[in-house]
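# Structural features, examined
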Amino acid sequence: MKKITLLAISFLSATVLAEPPAKIDVSRLPKESRVVDDVIVPVPSEIFGVLDKLGKPNWAGVLRPLKGVAKPFGEPQQQALYLGSVIAEGFIAVEAGDVAEVKNIGNSVLSLSGALGVRKAVTKRANAIINAADAGNWPLVRKELDGALNEVKDAMTELGSGDLASMVSLGGWLRGTEALCDVVAKNYSKDGADLLHQPALLDHFDARLGALKARAKKHALVPKIQAGLKNIRPLIGLTDGTEISAKSVKEVRDIAAGLVKDIQTK
Amino acid sequence: MKRFISLLLAAVIAATPALASVDDALSYALEAAQPYVKEGFTVREDYWGGDMAVKQAKAITHQLFKGNEYWFWIGTDEKAAKVSVHIYDSEGNLCEVEGWQKGQFGAARVIPKRTGTYYLIVEVEKSNRERTHWGMAYGFR
């Protein structure tokens, strides 16, 4: 799977594409033309990379160190949300250059993955995270964290737990959003706040929560998160290019922080 | 039980060539990505693919961030096929700054002017097959 064949190809002779239409009506894209996975959820590195370009945030001040290796608790939905939030914390620990915390998070990812039945799928990644942190190879730690996130989700999907895979993404998104808001709120800039404009992702997560099986929907966290997403929606700009105010950034942070606290509380 | 196993085997055998072809298509997309890794692009370890009829475009919704630069690469295992990827913003304007197409490979680059929703339109422009496998990857820096 995903193998790379090594054929010698010269791209120098690549031809320019036939002119594609300059404008399309995106509101009328036929349903059958949509790819099954309705939106590509970006990896955290895409956002952290932009933040790096905007300045040098005080990541150590944003990092919320775990108290030892995270232990699973609650039902699978909460475990999956918790795992996602821990992986997001890993990205913050990388930004903060905190070797001990990155290693702790690597072990926590193993612990939480075990409870969800996907430990085997991420063992190699978790070990790579720990080793790369020891070596101070931060770009590699980032890459392995991205990979761990994907492999956890792939393994869950293969086990028929696509709903839980979405919960992992959602947990990561909420903690990542809280951290992003923290950084932007401390040193507000329009470009930094603009990173919060993610309407397709909000719609995606809302749709995933709405499509959960009846039993999963009964988990207390589900309606709380649905309400939180609904409240965040108008704060992140209704159209592309809308300026997101410092006040809105703080409001989004408070909503996301509240949800992350609920996720991480027994 | 024996009948079930036979049916399962038959299903696996029938499915194998199709999976292998999507895999091959992805490997071509990744091959197209290789020169850009040297330019500092991080290729995401997640891929998208399937099969399409000629001229049956598919749309993929994607969240892109201003401040990043993206390359999208598409490939197919069908030698005679021509595949393409194009990028449109949330208002439907073509927004790629560069693109190329060479037989089984196609690519497009975008530097988002705004953070938000973008649409990738992937298409098999020419093929001898009724359905053509395609695979897409992307990178950012």
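Summary of the structure given here. What you see is a predicted model, and the numbers here were worked out from it, not measured in a lab. (Residues numbered from 1 in each chain as written. Chains lettered and ligands numbered in written order. Predicted model: local features only at pLDDT ≥ 70, side-chain atom pairs only at ≥ 80, totals over all residues. Heavy atoms only, no water.)

Residues and elements named next belong to chain B. The element strand 3 (residues 58-64) is extensively covered by neighbouring structure, given that seven of its seven residues are classed as buried. Here strand 3 shows no split at all, with K58, I60, H62 and L64 on one side and A59, T61 and Q63 on the other all buried. In this sheet, strand 8 (residues 116-126) lies alongside strand 3 in antiparallel orientation, the contact comprising seven bridges. What sits directly across from A59, in strand 8, is I121. (Buried < 20%, exposed > 50% of the residue type's maximum accessible area, 1.4 Å probe, protein only. Helix = DSSP H or I, 4+ residues; strand = E, 2+ residues; numbered from the N terminus. Pairing = 2+ DSSP bridges.)

Residue and element names in this part refer to chain A. Interaxial distance between helix 1 (residues 44-54) and helix 3 (residues 76-96) falls to 11 Å at its minimum, and their mutual angle equals 30°. Here helix 1 is positioned roughly parallel relative to helix 3, judged by the angle of their axes. In this structure, the crossing between helix 1 and helix 3 has a hand that is right-handed. Residue-level inspection shows P44, S45, F48 and D52 of helix 1 in contact with helix 3, the latter providing F91, I92 and E95. (Axes fitted to C-alpha atoms, helices over the stretch in contact; angles between N-to-C directions. Parallel < 35°, antiparallel > 145°, perpendicular 65-115°, else oblique. Left-handed = near helix turned anticlockwise from the far one by under 90°. Contact = heavy atoms within 4.5 Å.)

It is worth spelling out the side chain of B:N68 at this point. Its location among the elements puts B:N68 in the loop between strand 3 and strand 4 (70-75). From its side chain, B:N68 meets the backbone oxygen of A:E46 in a polar contact 2.8 Å long. Every residue in contact with B:N68, bar those within four places of it in the chain, is listed here: A:E46, A:V50, A:K53, B:V110, B:I111, B:P112 and B:R141. (Polar contact = N/O pair within 3.5 Å; in protein donor to acceptor, adjacent residues only side chain to side chain.)

Here we come to the interface of chain B and chain A. Counting residues at the interface gives 54 residues for chain B, matched by 50 residues for chain A. Note on chain B versus chain A: buried area summed over both sides is about 4800 Å², and carbon and sulfur give 56% of it. By the criterion of area lost to chain A, the three top residues of chain B are B:E31, B:E45 and B:F65, representing 13% of everything that side buries. Linking A:K143 and B:E45 is a salt bridge whose minimum nitrogen-to-oxygen distance equals 3.2 Å. (Buried area = accessible area lost by both parts, 1.4 Å probe. Salt bridge = Lys/Arg side-chain N within 4 Å of Asp/Glu carboxyl O.)

Geometric descriptors of this kind do not, in isolation, establish any biological role.
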